[in-house]
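As a plain string of letters, each chain reads:
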Amino acid sequence: MNSPVHLLPNSLATRIFLLFWGVALGMIIVLFWYWQTTLVEQIRAQEQAKVELLVPLFANQAAKILEIDHPEKRQFQLDLLASRILVAKEPNLDQRLFEGLVVEGTDGHKWIDQPPPEDFKGFHAEALLISESLLTPIGLLRLDYSGVFFERLQTEGRNTLLRTLGGIGLILLLFWHLVSRQLHPLEKLTSALRVWRPGQNDQRIPPLSAMAGEEIRYVYEAIGDLLTALQQERDRLEERVTQRTHELQQAKMAAEAANQAKSEFLSNMSHEIRTPMNAILGLLELSLRQELEPRLKDYLTKTHASARSLLHLLNDILDFSKIEAGRLELHPEPFHLRQILDHINDLFHEQMREKRIAYRMELPDTLDFPLLGDGMRLKQILINLLGNALKFTDAGGEITIRIAASETVGPRIHLNFSVQDSGIGIQPEQISRLFSSFVQADGSHTRRYGGTGLGLAICKRIVAMMGGEIRVESKPGVGSLFSFDIDCERATGSIHSGLLSPQSTTIDEARTRQGLAGARVLLVEDNRINQLVAKEMLKTVGLVVDVAANGREGVECVLRKHYDAVLMDVQMPEMDGYQATMRIREEARFQSLPIIAMTAHAMDSDRKKCLEVGMNDHVIKPIDKKQLFATLLRWIDGNPESQVIH
């Protein structure tokens, strides 16, 4: 039996022992600190944010009830609302979410007064009760969120850390036992080597039979065969170099796979962000349609603009993830350059006017014919370059877009685009890294202009996919000139599809209402806020809307009623949109029923999957009202020429 290993100063055993304990204790301290100072507060902040989103909804319901003339009916409805709120529980802990509820008028009268208990440790959330008829506050609703939830979290966290400490202690004992068995023979060999001297036959390393452990046998034999192994190693060197090269290739493939996984993660995150973003933009648009006090309307307008900027950032991140994963694809379709430029002019006209910037567009009449290419991506490039020019050009400056055909061979046309501004310009040393991802010309903390540094990197990659190259010329204080070339072809026939067609960029409201009014549409959507947004949006053009909360309910509704179209979300509980569509298509009578995906899944592969399972079209969240109505018109009007899936 091996004797125990002694913990001598600066010995290997001592260092291993101290390293293991140091790492274990450090992990426990970090976990405990993170739990107490960060994670619990993050959870509290998340819960408070959720509650503060719920309170306005409850306040809206309470305000509607307070406008009921009949006192007894009003009180009954308020009591019913209070019972529904106070009975809500946290499912994992079976704990009530709300401990108290107060509904109080501006005159101090309380219709509901259920204060929390004296030992209440949660937090309060309040919202004004706004009269729909007077648009003025008529009272206040306050919810008291339970704090027992957080106390349980802290208690469970401490218990978990204590259990972890005990487990680490047991693992340490087992580990030390195994290390002792391995280090004992090495200690004997080390003692023998300390007294051994070359050429002194009376001070030899103890014979192999006196050593314990297979590890010592391996070391002893390795020392004896060292010279032979060196010669053999030289012979094997070339083979090992070849093997190493193969391993590096495998590592490169693994790194590329990891990079693709990262990009797919970004794509999934963009879906999770698009869903609430759809609700935010939709509710803002619905709010701006109401008669509002000027200052409130100004606040909402600025909020809507900020949300659109956030959506633009999300789209950039999604495009970047597609590029990194090698999944960004071009979709050639007929388009008109004039329509692209007119649409861009509509986007930037108001900003140009506010900054008093002279804007010129130079498009020769010889290019006034349909072209075949990815017009949407071309528009994305021009919007990005023009947006940068507008951002970095001071009031009173000039911006010019020029387009010219530099070469024409048969149907092939080589186009040159340039965007010139009289802005601040770019330093020469900054130009070389201008098209790198997440890099900006001014990266300081005091920079004047925002942005992620993704836009130009994405433009460069798209231009390259179109067979061109993007260039920049700039002088500080004078301005910049961005130019690029792409290859297109002259399109034949008429344009029936695409986001740039007249039917999808300029939607005439009267024609839309005439084509859609009275049609019955089924909205299959699990998110309640997105249900509200989509339903109100569809009602504005006279559509009759039914709502199903998941794919199973959607199938039941289709089997029970007649619908002119179905707007189908993809990711839902119980039955997703793919399964629901396939179930509907099993019925021969529903083969021609238009089913349109309305989803936050924005990748090209998601669009293809929707079409493969039997859907007719694909609309991306956040919903663009014009695009949605144009899509519904194509399928509900029954015009075969316009029913082109794009």
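Just above, that's the structure.
Just so it is clear, the model here is predicted, and its values are computed rather than measured.

J.: Tell me about the side chain of Asp546, and name the residues and values.
T.: Summarising the element assignment, Asp546 is placed in strand 15 (residues 544-548). Ignoring any residue separated from it by four or fewer positions in sequence, one finds Asp546 in contact with Arg520, Val521, Leu522, Leu523, Lys561 and Tyr563.

J.: Describe the pairing of strand 12 (residues 470-475), with residues and values.
T.: On any regular strand, side chains alternate: one points to one face of the sheet, the next to the other face. In strand 12, alternate side chains face the same way, and those of Ile470, Val472 and Ser474 are buried while those of Arg471, Glu473 and Lys475 on the opposite face are not. Sheet analysis places strand 12 next to strand 13 (residues 479-490), joined by six bridges and oriented antiparallel. The partner of Ile470 across the bridge, within strand 13, is Phe484.

J.: For the nonpolar core, give the residues involved together with the corresponding values.
T.: A general feature of soluble globular proteins is that nonpolar side chains tend to end up buried together. Formed by 42 residues in total, the largest nonpolar core has its most connected members in Leu337, Leu378, Leu415, Phe417 and Phe484. Looking at which element gives the most residues to this core, the answer is helix 8 (residues 375-391), with seven residues. Contacts of Phe417, omitting those with residues within four sequence positions, involve Leu337, Leu378, Leu382, Arg402, Ile403, Phe482, Ser483, Phe484 and Ile486.

J.: Go over the sheet that holds strand 18 (residues 617-620), please, and point to the residues and values.
T.: The five strands are arranged 15-14-16-17-18 in an open sheet whose pairing can be described as parallel. Both edges of this open sheet fall to strand 15 and strand 18, since each of them pairs with a single strand only. Recorded for the sheet is a direction-independent mean angle of 20° between the axes of neighbouring strands. Of the strands in this sheet, strand 14 (520-524), strand 15, strand 16 (565-568) and strand 17 (595-599) touch helix 13 (residues 528-539), which is tilted by about 165° from strand 15.

J.: Please provide a residue-by-residue account of the packing of helix 8 against helix 10 (residues 455-465), values included.
T.: Interhelical geometry of helix 8 versus helix 10 gives an angle of 145° and a closest axis separation of 10 Å. In this structure, helix 8 meets helix 10 at a crossing whose hand is left-handed. Facing Arg377, Gln380, Ile381, Asn384, Leu385 and Asn388 of helix 8, the residues of helix 10 in contact are Gly455, Leu456, Ile458, Cys459, Ile462 and Val463. Of the residues contributing to the contact of helix 8 with helix 10, the split by class is seven nonpolar, four polar and one charged.

J.: I'd like a description of the sheet that holds strand 3 (residues 98-105), backed by residues and values.
T.: Remark on secondary structure: sheet strands pair via backbone hydrogen bonds, oriented parallel or antiparallel. The antiparallel open sheet is built from four strands, whose spatial order is 4-3-6-5. Whereas interior strands pair on both sides, the edge strands pair on one side only; in this sheet they are strand 4 (110-114) and strand 5 (123-130). Here the average twist between neighbouring strands, direction ignored, is 15°. Bridge count between strand 5 and strand 6 (residues 137-145): eight bridges; the pairing is antiparallel. In the sheet register, Ile130 faces strand 6, and the bridge partner there is Pro137. Sheet contacts for helix 2 (residues 71-86): strand 3, strand 4 and strand 6; angle to strand 4, the most-contacted strand, approximately 25°.

J.: So what about a nonpolar patch on the surface? Which residues, and what values?
T.: Together, Leu19, Val23 and Met27 make up a nonpolar patch on the protein surface, roughly 300 Å² of accessible area in all. Tracing the sequence through the fold places Met27 in helix 1 (residues 12-66).

J.: I'd like a description of a positive patch on the surface, backed by residues and values.
T.: There is a patch of like positive charges on the surface, built from Arg289, Arg513, Lys625 and Lys626. With respect to the helices and strands, Arg513 occurs in helix 12 (residues 509-516).

J.: Break down the pairing of strand 4 for me, citing the residues and quoting the values.
T.: Summarising the sheet, strand 3 and strand 4 pair through four bridges and their orientation is antiparallel. Note that in strand 4 the partner of Val102 across the bridge is Asp113.

The rules behind the values
- Residues numbered from 1 in each chain as written.
- Predicted model: local features only at pLDDT ≥ 70, side-chain atom pairs only at ≥ 80, totals over all residues.
- Heavy atoms only, no water.
- Helix = DSSP H or I, 4+ residues; strand = E, 2+ residues; numbered from the N terminus.
- Contact = heavy atoms within 4.5 Å.
- Buried < 20%, exposed > 50% of the residue type's maximum accessible area, 1.4 Å probe, protein only.
- Pairing = 2+ DSSP bridges.
- Core = buried A, V, L, I, M, F, W, Y, C linked by side-chain atoms within 4.5 Å.
- Axes fitted to C-alpha atoms, helices over the stretch in contact; angles between N-to-C directions.
- Left-handed = near helix turned anticlockwise from the far one by under 90°.
- Nonpolar A, V, L, I, M, F, W, Y, C, P; charged D, E, K, R; others polar.
- Patch = residues over 30% accessible without salt bridge, like charges linked within 9 Å, V, L, I, M, F, W, Y side chains within 5 Å.
- Areas by Shrake-Rupley, 256 points an atom, 1.4 Å probe, with all protein chains shown as cover.
- Salt bridge = Lys/Arg side-chain N within 4 Å of Asp/Glu carboxyl O.
- Lys, Arg positive; Asp, Glu negative; His and termini not counted.
- Charge placed at Lys NZ, Arg CZ, Asp CG, Glu CD.

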